[in-house]
Structures are given as structure tokens and as C-alpha cells.
Amino acid sequence: MPTRDSPMHSELLQGTLDMLVLHTLVLGAAHGHAIAHAIARQSDAVLQVEHGSLYPALHRLDDRGWITSFWGPSENNRKAKYYRLTPEGRKQVGAQAARGQQLVHAIGRILEPVTAQP
Amino acid sequence: MSWMRFMRRRHWDDERARELQSYVEIETSDNIARGMTPDAARHAAGRKLGNRTRIREDIYTMNTMGVLETWGRDVRYGVRVLRRNPTFAAVALLTLALGIGANTAAFAVLNSVLFEPLPYPNADELVAVWNRAPGTPGLADVSGGLRLSPSMYVTYAEGNRTFEHIGIWSPRAAAVTAVSEPEQMRSIAVSDGTLQALGVPPQLGRWFSAADQNPGGTPAVMLGHGYWQRRFGGDRNVLGRIITVEAVPHEIIGVMPRGFRVVDTDADILVPLRLERSRLLRTGFTYLGVARLKPGATIATANADLARMFSTWLNGWPGGSTQFYESMRLTPDIRPLKQDVVGGVGRILWVVMGTIGIVLLIACANVTNLLLVRAEGRQQEVALRAALGAGSWRLTRELLLESVLLALIGGLLGIAAAHAALRLLVSFGPVGLPRLEDIALDARALTFALLVSLGAGVLLGLAPALKYPRRRIAAALHGIGRTVGISRERHRTQNLLVVAQVALALVLLVGSGLMIRTFQALRAVEPGFTNPEQLQIMRIVIPTPTVAEPERVVRLQNDIVNSLAAIPGVVSVGYVNSMPMEGLPPSSDPITVEGRPVGPSDGPGPVRRLKYLSPGLLAASGTRLVAGRDLTWAEVYDVRPVVLVSENLAREVWGSPADALGKRIRVGGPQAPWREVIGVAQDVRDNGVDAPAPAIVYFSARFSRDGVTRATTFVVRSPQAGTADFLRQVQEAIWANNPTLPVGATQTMQDVYARSLARPTFTLLMLGLAGSVALALGVIGIYGLISYTVTQRRREIGIRLALGASQAEVRRRFVRHGVILTSVGVALGVITAMAVTRLMTSLLFEVSPLDPLTYVAVAVLLVMAAAVASYVPARRASAVQPVEALAAD
């Protein structure tokens, strides 16, 4: 039972954040701040990424060898830590996307009757 | 999570901090771009990110292995604590290293000697074959059994159903003359089956076969590894070469590998036992039997198998009356071979192990006391940490870990100490410790060291760890900055520890005291020879091919005696088939006393030891003549039927030595001649200082027309005995008569005597050492306790002195405290010792394990030592200046 309706501050479903991060990185390398922004922007600000979850997620993905990091200059010329997909990570994007679709589908099926008859 | 990450988790954490910082900076500049003031922008960015430390911690824990992390932290903390108290650490570590080291060394010896299998393939199938002859106790040798005769071997080898192989063997000195100057070798004669039973393949060539033991042809010889290296430089072409052994050429057919021994005997050469079947008799029980059991056979089935063949043997061979052999009540007695090798040393080793274990307990008590004292000092620190939220499990764990750490470091040092001690032991090579060459610090010993260290660590940590974290925090914190009186409870623990220490020390001291008394009793035994350090002895063998006729053998021996007597400084000379305690197989036979039928059926009497000597031997050895006279050379040459007997035999048979003179006895069967007793000699401890003197009949070295003793020990009494110069003169005197005669086993009688005392000496040394350490630790324990009490009670002492107590009174209080504790410990210790020392009865000689003198002496010694140990700190107590003591708070 969410206490706030929008934007969604509640915990994302397990694994969802990882999937979103991977998807964000398909377009190219990005630093943590940019990733958070990108997710928020692409979901029309529905999904606000908790930084408390983002950085452990990045660490976890790095650990699995799906993403790798390097230090580079940010847009306004500060040093920032960038992440990009590894070939292994790129493979995972496809798999994760399929899994994500399934998930969305499944949730949709559960919610359907409720929304159909208000 | 990977090991790499784990190792570099600090680096990763730094990196993460920088990353988060960069996030804040980017967000801040975004915020500024949105129109915020820099300050507000920074705050907003920080808020958005949330708790940075929390994020870092989350990731940090993702990188750790929880248990490792906390234990690692505790170990680091422990090391820090130890390093902060170097004196404490040094004392504790040294005590533990000695305790654990000594235990590890003792265990390594125990393990290698008692537990490790003998160095043969499938060694647990190997057995030693003996006879038991309860009908004739006089025949048994030192090891308590009757050996096998060659005819018995032949019967058993041909008829048994339970042995894979059976063989007999016997060590003998042998001369090799062909290689360089004549030299006496350690040789072993082995029958067919001996090497096959032991199962160690030769390094070169082949084993002896059944054909090698048939007389005729060139006999074969095998070389021991050491002799092969020494004399032939490890030449692989020695096979087929001829060497002369006892004047007979032998062909080398094989070389045994390094470390090979026949049971417990090392040898330079192995020769085949040559058996002429047609000439074998029933008698000749001088060979050691060894066999390998068939799969499925047991000692019991093998015993039954051999017992089945007894009548085959008795009826199959000539010699002696059948009646007599039946009266011997011969039964086979098969033992595990290892038992034969290890012998009685197992008991000694267990006693030593137990003793050293007790020393470790005392050492642990000392270190526990140190830890308790220190824990007291750290009580406030612990309480403070408890108040700040450290869990009680965590504090307990820390204290335990600290003591385990202490014990483990002590254990490591101890292993080093044990290694050194074992090397020392092996190089020192105590005689009588079998399997010395097998002793090693192997994996099992190291595991033992580790377990003992862990056990000691937990034991040490238990008292402080269980006590301190449970203390009420408030009470402890309340005490900060003030020296509070020590709790009764803690005193009780410390007192208990000291009492236990004293009790254990008393047990050990009683043990070593009993050994000292044993040793005194052994030294007091009259061995039957005098001033052994002046007696030079050596073995001389005159082989048949060198001199054939008995008459000429005696003449040569007589000439050697004369040459030796001519050496300046020589007092007297003689020879005999074996000197007391020399460990050579004894010769025995039943005797019959004229006019006195012994036994129900007029058969021969009980078996007696026989010795064959020259005139002058008894005088040279210092064996007193109790009655009658010595043999003369004329009687030797004339082969007169005369004998001497030992005093105990004379008393047993005729009532007194004087009554024995002129009486006649017969040795052997009814066809043997009657021999007249011309002298009675003092009893001789032939089997060792601690074994009763056997009844002996002394024959002339030329005991019959065609019988002569060819292998003899020459005895020369001279103040120069044992010096190199004297030995050279002896050698020259012998070679002047015959340059091919080898001289072997050259030693002084003192060496033989000392070897006979080797086991009690070793035990005494070990127990004495353990006892001294226990005494020292106990005294230190009492001293430490009283010292500590004095320090803690300075205030109280100050008040007492200020109120008019005399210094002597104060001193007395503390000394009394120490003495009372000691007395309680002594009382407990006496009870324990009375129960425990019974285990060492077999190591004692003419001393009861409850010897009152030892108990009283040890108790007095301990109480006195305790009084002195308490007096020293008590003096310091009485020197307290009341004003200072009271002002100190």
C-alpha cells in the first residue's frame, strides 16, 4: 500500500533497477548522476531512483562483470565516474528486457480486472 | 564478491567516496543552473543523495566476509593488546612455548616409537616367535621368553599353516679381513624366510634363498647400506665380489637399502645361517624368531598351529631326554613384532608424557593467573566498552580470542622448541630408547601441537572470559579512578589456581623423588665387579679356519692374556664367553647334583646359566671368591672336570658356600661327566643391575676335549683403560700373536654398566626435569599471587601499620597466606600422588610407590619453598610507608 502515489518512491521490484540501469547504458557511457536522471526522465519522472539503491546496484552490476567503470570529465568539466556496458552486459540487456516485458505483462494481467470495473 | 575485492575493500571504499562526491558536485552545478544560490544548491544536492555513509557502508559490507572481518578485527585488537604489554606477553609466551614444546616433543617420541608402524611393508602382519617354558624359568632371557632352536625353526618352517614366511636370526660379531685391516663387524645371521618375512626388497642383488643355508660352496653375504657406502663407496659393481668373513671367503649377493634393520638390530653384513640338518639337536635356544602371518591368521591361531607341531618337533630330533623337554612345559609364545621392538619403553614414555602434560597444566595455571591480574586491570576498559554498546558475546569472544592467540603463538614457538629438542634427543641418543631413527615431528605431532595450543588457549581464556564481561557495568565504572578492594570471588579463583599448581607440582616431585630413590638403590647394588671404569673389555673371536684344534685355540688365548698382562700398568687379565650385562645370548643347561635326585623321575634338575672363563677372569673383574679357589691354567690344558658356582647356587643346593666345595655336579644329560666344585664366586648381576643375580655354573673356557669357547670377551684391568694410547697397546699386543684377529666391541665395563642403567637414567632425567620445572612454576605462582595481593592491599596494609600493627605481624600475615595455600595443595597432592604413582611401579627398583621418605621430603621442600616465595613479597608489604600508601589514592 503506497503511502505516496506519485512519483514512486517505494522500492523498485527486485532486479528492476538493474534492468533499468543496463537499458540506460545501452545508449552509451554515463555517470551515476546522469543514469539517475535518465531513468527519471525516460519514465516521465514516475520512477525516482533512490541513490541509496543506485550505487549498490552499480556496484553489483560491476561485480557481475556486466558493466565497467572509468573516470572521465563530466559535462561541466568535473571528474566523474562513468559506467559502460561490457559485451557480457550487452547480452544481458536483451535477456533482461524480455524478462521485464514478461513482468510488465504479468502485472498488467493481475491489475486488469480492478481497473476494468472501477 | 571476490577475494580481490575483499583484500582491496578499503581502496574500493575510497573510490566510492570520490564518486559520491562527484555526484554532489554535478547535482550542485545543476541546481545552480536552475537558479539556486551555491549554498542552497549544495544542501539540496546532499539531501537528494541521502546518507552517504550509509551507502558506503552498504557497499562495504557487500565486499566483506562477515565472520572473517570481525575475527580479523579481533585478532588485530588482540595483537595490539599483547604488544602493549611486552613483559606480560614475553613471560606468558615463554611459559606456553616451553609447555607446549615439551608436550609436542614428548608426543612426537610417543607417536614415532609406539604408534607408527615398524618400517616394513604391512608391518602389522609381523610377529616375533618365542617359546614359553614355565617348567624351567632359568632359561628365559632378559626379555622374558625362551628363544627358538634351529631344529624348531626347521619343524615350524616345514609344517606351519599360518605363516607366510618364518625365519630365525641372531646378531653376532664377525670378522672381515679381506678388505683392509681386520675389523669386527656387526653381523646378523639370518635363516631363509627372515628377509622374506620382513619383506624389504634389497637395493641391489637378491635376498638369501633356501639354497644359501646349505653348507658347502662359497657362502653368500649381503651388505648393509652403511657398510656398503663406507667400505665400497657405494660401488654398484660389488655383486659377485668376494670378502672374507671369519676367515671364510663369502660372495656378495646383495645390498640392503638405507635404514634397513632386522627387527631392532642394525648390521654391517648379513650372513646366511648355515644349517646342517643331520647334525641339528633339539637344543640351542639362541635364535630369535620372526614371521609374517598369512592373511586371516591371528596370533591365537598361529600359537595353536605351532602347539600342534610340538610333538613333531620333539620326536623329530635327537638330543636330551624327552622327559626333560616335557618337564619344561614348552608352549609357543607369539607376540606382535612391534611389542618386541618397543619393549618396556612404552610405560616409560607414557609416564613421561603424563608428567609433561602436568607441567603444561601448571604452566597454564600460571598464565591464567597473569591473565586474571591483567583482566582486573582492564576491567574498567571492558566496562566502558560494554557501556558504549559492545555486546557481551563480543567481549567474551575478544578475551577468548586473545588467549587463544597467545596460546597459538606460544604453540608455534613450542613447535620450534620441540624440533630443537628432538634433534638434541636423537643426537644425544639415549641408550635403551628404541626406534630412535624413526623419531620425527610429523603431521600427527603438528596436529597434536595445534590442538594442545587451542585447548590451552580456551582453558586460559575461560576464567577471565567468563568472569569479566558479566560484571555489572555500573559497579566497575564506579570504580574508575579509585583502587577498589579486590572481590572475594577473584581471590578464590587465584587461590584455587595456586592450590592446584602446588598439588600438581607435588605429584611430579614425588615422581622424580621416587626415581631418585630408585637410582640410589640401583647404585647401591653390588654388580659383581668392581671399579668398572678400570676394566677395558673387547671381543675376540678365533674362527675355526684360522685355528682349528681346541688345544691351540686355548694356547693362543693364553698367549694373548700374557701379552696383555705385559702392557705397563695392567693389573690383571682374563677372558670369558660374556661379561655381565653385555647383552649376549646366555648359555644354559640343566644340572644334576650328585646323590641328590631332583624332580619326580630322577631326570635332570633345573636349568642354570653357564659361563666359560679363563683363570684370572674373576680376579680381573673384581668378582670375589667366597670359598675355594680359582681355576688354574694346568686344569684348563688338562681339561679337568672342575667348575666354580655362584654363591646363590651354592646356598640353594648345599646350604653354604663352604659345603659346596668338593661336591660334584653334572651339566647336561646322563652321559656327561661329573664335575667337582672347586670354588664359589660372589653373585653377579648378569642380566642387568635391576634384575636378580642368576645362579651360574662357571666352566673352564675349554670345557671338553673337543669343546672350546672361540668367541670371548677379554677383560684387562688397568688405570689407563679407555685411553686411545692404551687401546693401541692392546691392539698391538693381540696382533703380535696373530695379525688376522679382529678386535671388536671395545669399551670399558663402565660403558656396559651405564647402559644397563640407561632406562632408569633416562626416566630420572625426564622426571627430574619436569619436577624442577613444576617446582619453579609453582614457586613463581605463589610468589606472583602474594606479590599481587600485597600490591592490591597496600592501603589496607598502610592502615594496619598506621594503627600500630608491627612489621613482623604484617609479614606473618602474608607468609601464612602462602603457606596455608601450599599446605592445602600439598594435602591434595599427596592424595593424588598416592593414586597416580602406582602407575610407575614397574619403573621403580626396591622402592615402594608410597615411599614415606619421598613424600615427607617433597612436602617439606614445597612448604619451605612456598614460605620463601611468600616471604620476599611479604617483606615488601611490611616496608610500606603508611603515609604514602594512604596518600596514593
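Residues numbered from 1 in each chain as written. Chains lettered and ligands numbered in written order. Predicted model: local features only at pLDDT ≥ 70, side-chain atom pairs only at ≥ 80, totals over all residues. Heavy atoms only, no water.

The next subject is the overall build of chain B. When you go through chain B residue by residue, the secondary structure sums to 31 helices and 21 strands. A burial count over chain B gives 51% of its 889 residues as buried. For chain B, long-range pairs separated by at least 24 residues make up 81% of all intrachain contacts whose partners lie at least 6 apart in sequence. Carbon and sulfur atoms provide 59% of the accessible area of chain B, an area that totals close to 39100 Å². (Helix = DSSP H or I, 4+ residues; strand = E, 2+ residues; numbered from the N terminus. Buried < 20%, exposed > 50% of the residue type's maximum accessible area, 1.4 Å probe, protein only. Contact = heavy atoms within 4.5 Å. Areas by Shrake-Rupley, 256 points an atom, 1.4 Å probe, with all protein chains shown as cover.)

We now examine the overall build of chain A. Scanning chain A from N- to C-terminus turns up four helices and three strands. Scanning chain A from its N terminus toward the C terminus, one meets helices and strands in the order α-β-α-α-β-β-α. Within chain A, the proportion of its 118 residues that are buried is 38%. Once local pairs closer than 6 in sequence are excluded, the contacts in chain A between residues at least 24 apart make up 50%.

A word on unusual backbone geometry. Residues and elements named next belong to chain B. The phi torsion at Asn122 lies on the positive side, around 45°, for a residue other than glycine. Tracing the sequence through the fold places Asn122 in the loop between helix H6 (86-115) and strand S1 (126-132). Its identity as a non-glycine residue notwithstanding, Val639 has a phi of 50°, on the positive side. The exposure class assigned to Val639 is buried, which follows from its relative accessible area of 15%.

Counting residues at the interface gives 20 residues for chain A and 22 residues for chain B. When chain A packs against chain B, close to 2100 Å² is buried across both sides, 55% of that on carbon and sulfur atoms. For the chain A face of the interface with chain B, the top three residues by lost area are A:His33, A:Tyr55 and A:His59, together amounting to 32%. There are zero salt bridges connecting chain A and chain B. (Buried area = accessible area lost by both parts, 1.4 Å probe. Salt bridge = Lys/Arg side-chain N within 4 Å of Asp/Glu carboxyl O.)

This part covers the environment of B:Trp393. Counting through the fold element by element, B:Trp393 comes out in helix H16 (residues 392-428). Separated by 72 residues in sequence, B:Trp393 and B:Ala465 place their C-alpha atoms 9.7 Å apart.

This next bit is on the pattern of salt bridges. Residue and element names in this part refer to chain B. Evaluation of the coordinates by the stated rule reveals 31 salt bridges over all chains. Among the salt bridges present, the one from Arg292 reaches Glu125, with a minimum N-O distance of 3.0 Å. In this pair, Arg292 is assigned in strand S9 (residues 288-293) and Glu125 in the loop between H6 and S1, connecting sequence segments 167 residues apart. Through salt bridges with shared partners, a single network forms among Arg132, Asp333, Arg335 and Asp340.

Residues and elements named next belong to chain B. Where strand S13 (residues 587-593) meets strand S17 (residues 664-667), three bridges bridge the pair, whose relative direction is antiparallel. Looking at the pairing, Val593 lines up with Ile665 of S17. Sheet topology places S17 next to strand S18 (residues 674-681); three bridges connect them, and they run antiparallel. Residue Ile665 lies in a different strand from S18, and its bridge partner there is Arg675. (Pairing = 2+ DSSP bridges.)

Residues and elements named next belong to chain B. A grouping of Arg10, Arg73, Arg76, Arg80 and Arg84 is seen on the molecular surface, where their side chains present a positively charged patch. For the positive patch, the element with the most residues is helix H5 (residues 66-84), which contributes four residues. Among the structural elements, Arg84 can be located in helix H5. (Patch = residues over 30% accessible without salt bridge, like charges linked within 9 Å, V, L, I, M, F, W, Y side chains within 5 Å. Lys, Arg positive; Asp, Glu negative; His and termini not counted. Charge placed at Lys NZ, Arg CZ, Asp CG, Glu CD.)

Quick look at the side chain of B:Arg292 now. All names here are of chain B. Of the residues examined, Arg292 reaches a relative accessible area of 7% and is grouped as buried. A distance of 2.7 Å separates a polar side-chain atom of Arg292 from the backbone oxygen of Ala197. In this view, Arg292 contacts Pro121, Asn122, Glu125, Leu126, Thr162, Phe163, Glu164, His165, Ala197, Leu198 and Gly199; residues no more than four positions away in its chain are not counted. (Polar contact = N/O pair within 3.5 Å; in protein donor to acceptor, adjacent residues only side chain to side chain.)

All names here are of chain A. Between helix H1 (residues 16-26) and helix H3 (residues 51-64), whose axes approach to 10 Å, the crossing angle comes to 75°. Classified by the interaxial angle, the pair formed by H1 and H3 is roughly perpendicular. For the pair formed by H1 and H3, the contact residues are Leu17, Asp18, Val21 and Leu22 on the first element and Ser53, Leu54, Ala57, Leu58, Arg60, Leu61 and Arg64 on the second. Residue composition of the contact of H1 with H3, grouped by class: seven nonpolar, one polar and three charged. (Axes fitted to C-alpha atoms, helices over the stretch in contact; angles between N-to-C directions. Parallel < 35°, antiparallel > 145°, perpendicular 65-115°, else oblique. Nonpolar A, V, L, I, M, F, W, Y, C, P; charged D, E, K, R; others polar.)

Looking at chain A as a whole, its pLDDT mean stands at 74, while 81% of the residues score no less than 70. Here residues 1-11 of chain A is modelled with pLDDT under 50, and outside its nearest four sequence neighbours on either side it reaches 10 contacts, counting other chains as well. (pLDDT = per-residue confidence, 0-100.)

Turning our eyes to something else, we now look at the packing of aromatic side chains. How two aromatic rings sit relative to each other is given by the distance of their centres and the angle of their planes. Under the definition given, this model contains 13 aromatic pairs over all chains. Between the aromatic rings of A:Phe70 and A:Tyr82, the centroid separation amounts to 5.6 Å while the plane-to-plane angle is 15°, which identifies the pairing as stacked. Placement of the pair is A:Phe70 in strand S2 (residues 67-73) and A:Tyr82 in strand S3 (residues 79-85), with a sequence separation of 12 residues. For A:Tyr82, a relative accessible area of 12% translates into the label buried. With a centroid separation of 4.9 Å and 50° between ring planes, the pair formed by B:Tyr612 and B:Phe703 is classed as tilted. Of this pair, B:Tyr612 sits in strand S14 (residues 607-613) while B:Phe703 sits in the loop between strand S19 (696-700) and strand S20 (711-717), and the two are 91 residues apart along the sequence. Residue B:Tyr612 is classed as buried on the basis of its relative accessible area of 13%. (Phe/Tyr/Trp six-rings, centres within 6.5 Å; stacked < 30°, edge-to-face > 60°.)

Side chains three or four residues apart in an α-helix point the same way, a direct result of the helix having 3.6 residues per turn. Here helix H14 (residues 345-377) of chain B is 33 residues long and its end C-alpha atoms lie 48 Å apart, about the 48 Å a rise of 1.5 Å per residue gives. When you tally the buried positions in H14(B), you get 25 out of 33 residues, the bulk of the element. (Expected span 1.5 Å × (residues − 1).)

All names here are of chain A. Ordered by their spatial adjacency, three strands build an open sheet running S1-S3-S2, and the pairing between neighbours is antiparallel. Sheet topology places strand S1 (30-31) and S2 at the edges, where each strand pairs with a single neighbour. The strands touched by H3 are S2 and S3; relative to S2, the strand with the most contacts, the crossing angle is about 120°.

Take the side chain of A:Asp18 next. Residue and element names in this part refer to chain A. Counting through the fold element by element, Asp18 comes out in helix H1. Among the polar contacts listed, one links the side chain of Asp18 to the side chain of Arg60, at a separation of 3.2 Å. Excluding residues that lie within four positions of it along the chain, Asp18 makes contacts with Ala57, Arg60, Leu61 and Arg64.

All right, on to the environment of B:Leu400 then. Residues and elements named next belong to chain B. With respect to the secondary-structure elements, Leu400 resides in helix H16. Placed 58 residues apart in sequence, Leu400 and Val458 show a C-alpha to C-alpha distance of 6.3 Å. Excluding residues that lie within four positions of it along the chain, Leu400 makes contacts with Val458, Gly461, Leu462 and Ala465.

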